Amino acid sequence: RERVRVELARAERLKRFFSPQLAELLSAGDESILASHRREITVLFCDLRGFTAFAETAAPEELLELLGEYHTLIGELIPAYDGTLEHFAGDGLMVVFGVPLGSSVREDACRAVRAANEMLERVEEMNKDRPAGRPELRIGIGIHTGELTAGTVGSRDRLEYSVIGETVNLAGRLHSAALPDSVVVASRTRALLGGRFLCEDLGSHTF
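Conventions we followed
- Residues numbered from 1 in each chain as written.
- Predicted model: local features only at pLDDT ≥ 70, side-chain atom pairs only at ≥ 80, totals over all residues.
- Heavy atoms only, no water.
- Salt bridge = Lys/Arg side-chain N within 4 Å of Asp/Glu carboxyl O.
- Helix = DSSP H or I, 4+ residues; strand = E, 2+ residues; numbered from the N terminus.
- Buried < 20%, exposed > 50% of the residue type's maximum accessible area, 1.4 Å probe, protein only.
- Lys, Arg positive; Asp, Glu negative; His and termini not counted.
- Polar contact = N/O pair within 3.5 Å; in protein donor to acceptor, adjacent residues only side chain to side chain.
- Contact = heavy atoms within 4.5 Å.
- Pairing = 2+ DSSP bridges.

### Considering the pattern of salt bridges
With the rule as written, the count across this model stands at twelve salt bridges. The partner of aspartate 47 in a salt bridge is arginine 49, with the nearest N and O atoms 2.9 Å apart. A salt bridge links arginine 122 to glutamate 76, with the nearest nitrogen and oxygen atoms 3.3 Å apart. One end of the pair, arginine 122, is in helix 6 (residues 105-128); the other, glutamate 76, is in the loop between helix 4 (60-75) and helix 5 (77-80), and 46 residues separate them in sequence. The partly exposed category is assigned to arginine 122, whose relative accessible area is 29%.

As structure tokens, then:
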């Protein structure tokens, strides 16, 4: 019974980082899916707008409370769309779709955009219920699809699952260019959506 309890607890911890399907595989001891490989992956970056200015005046406790609300709100959505949380970084986060588990590149891109849209909706709903005097949350999101190398990186004592390549850099630049409460997708991602989402052409940009 104790061994089963430990295994269940391990699976629940893994689900905080990976999709439920992947967490089950890892909990069962199958780590081959984490081996390094190249694949076309969709990357999503998201962060809070106006956070730096707020952080300069807010008390540490208020700052941590706001980040906790935001991370919980966004973090709950990631497994629902089979995304993998690559990392949190202050008020920003990076999510990948297509690794370690993925369906088709097209479906990965669509799931990323659906997740982004729900992020915006949830933030808007949360703002309606915020107490007077509390700052409203505003987020900007950037999404790009391209070939990346995925796998475990790190030292013998500490490993992380990560993706590496220019697609990550471009997704980060797109999210920096996104206005508050908006999602900016690269042309490759838009082509994969197949008209399932209404998009506005922003023209060509050089980053």
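From this point, the discussion proceeds with the structure in view.
### Focus on the side chain of aspartate 91
Tracing the backbone through its elements, the reader meets aspartate 91 in the loop between strand 2 (84-89) and strand 3 (92-97). One buried charged side chain, aspartate 91, makes no salt bridge at all; its nearest oppositely charged neighbour is arginine 49, positioned 6.6 Å away. Within polar-contact distance, the side chain of aspartate 91 engages the backbone nitrogen of leucine 48 at 3.4 Å. When near neighbours in sequence (up to four residues on either side) are disregarded, aspartate 91 contacts Cys46, Asp47, Leu48, Phe51, Leu67 and Tyr70.

### Considering the side chain of aspartate 108
Position of aspartate 108 relative to the elements: it lies in helix 6. In terms of polar contacts, aspartate 108 uses its side chain to reach the side chain of arginine 39, at 3.0 Å. A polar contact of 2.3 Å, which involves the side chain of aspartate 108, links it to the side chain of arginine 111.

### What to know about the environment of glycine 92
With respect to the helices and strands, glycine 92 occurs in strand 3. For the pair glycine 92 and isoleucine 141, spaced 49 residues apart in sequence, the C-alpha separation works out to 9.8 Å. Not counting residues up to four positions away in its chain, the partners in contact with glycine 92 are Cys46, Asp47, Tyr70 and His87.

### Quick word on the pairing of strand 4 (residues 139-154)
Pairing between strand 1 (residues 37-48) and strand 4: twelve bridges, direction antiparallel. Considered in strand 4, the bridge of aspartate 47 is made with glycine 140.

### A closer look at the environment of arginine 134
Residue position: arginine 134 is located in the loop between helix 6 and strand 4. By relative accessible area, which is 31% here, arginine 134 ends up partly exposed. The spatial distance from the C-alpha of arginine 134 to the C-alpha of leucine 66 is 9.2 Å, given a sequence separation of 68 residues. Those residues within four positions of arginine 134 in sequence are excluded, and the remaining contacts are Glu62, Glu65 and Glu69.

### Considering unusual backbone geometry
Positive phi, normally seen in glycine, also occurs at aspartate 82, with a value near 55 degrees. Structurally, the position occupied by aspartate 82 is in the loop between helix 5 and strand 2. Backbone geometry places aspartate 181, a non-glycine residue, at a positive phi of 65 degrees. Residue placement: aspartate 181 occurs in the loop between helix 7 (166-177) and strand 6 (182-185).

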